[in-house]
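Below, each chain spelled out in residue letters.
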Amino acid sequence: MTTTSTPVRKRLTVEQAELSPGIGVMFREFADSIRMAYDPAQMPPVVYDREQARSMAARQFLGIYATYTEGPELDALRETYNNEPVGSPLRDAIGLMFDDIDRTLDPAGVAEQYVELLGQVHAEKAGASS
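Residues numbered from 1 in each chain as written. Predicted model: local features only at pLDDT ≥ 70, side-chain atom pairs only at ≥ 80, totals over all residues. Heavy atoms only, no water.

Undergrad: Looking at this structure, I do not really get the sheet that holds strand β3 (residues 33–38). What am I missing?
TA: Within a sheet, each strand pairs with its neighbour through backbone hydrogen bonds, oriented either parallel or antiparallel. Strand order across the open sheet formed by 3 strands is β1-β3-β2, with mixed pairing between neighbours. Each end of this open sheet is capped by a strand with a single partner; those strands are β1 (11–16) and β2 (25–29). Mean inter-strand twist for the sheet, computed between neighbouring axes without regard to direction, equals 15 degrees. Where β2 and β3 come together, 5 bridges link them in antiparallel fashion. Across the sheet, residue M26 finds its bridge partner in β3, namely A37. (Pairing = 2+ DSSP bridges. Helix = DSSP H or I, 4+ residues; strand = E, 2+ residues; numbered from the N terminus. Axes fitted to C-alpha atoms, helices over the stretch in contact; angles between N-to-C directions.)

Undergrad: I'm lost on the pattern of salt bridges in this one. Help?
TA: Side chains that differ in sign of charge can pair as their charged atoms come close. Scanning all chains against the criterion turns up 3 salt bridges. Across the pair E15 and R35 runs a salt bridge whose closest N-O atoms are separated by 2.5 Å. With E15 in strand β1 and R35 in strand β3, this residue pair connects regions lying 20 residues apart in the sequence. On the basis of relative accessible area, E15 is assigned to the buried category, the value being 17%. You can call R35 partly exposed: its relative accessible area is 46%. (Salt bridge = Lys/Arg side-chain N within 4 Å of Asp/Glu carboxyl O. Buried < 20%, exposed > 50% of the residue type's maximum accessible area, 1.4 Å probe, protein only.)

Interpretation note: all reported values are geometric properties and have no functional meaning in isolation.
Laid out in C-alpha cells, this is it:
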C-alpha cells in the first residue's frame, strides 16, 4: 500500500523582540503555525531599511524559502506590492501598511484604519467639490 502525504500549509507569524546577545532569530513550530521572533539590532544589514525587509532577512536566515501564506487578502496585497515599480505611490502606501501590520500584528485592524482614513479623505473631497 502506497501513501502520499500532502504538504501542510502553516501560518507564519513574524514579530520583533529584544533577544539575548548572539541570538538574532528564534522560532517555535506548532501544529498549524510557526511563530518567529527576530531582533532587528542583531539582524544582518539589508538593502531596504524597512521592517518588512528585516522580517524577510530573518526568514532567509532560517532558510524559509518555501511559499507560505498569510491569508488570501494579505497574499493578494503582497502580490500587488511586488508587481508595482519601486517608488510608485501605490507601492509606497502598501509598504506603509505592511510596516503597520508587522508592528501591530493586527492586519484586520490596520486595514480598517486605512479604509476609514480613505473614507474621510473621500468625504472631504466630495464636500469641497459641492
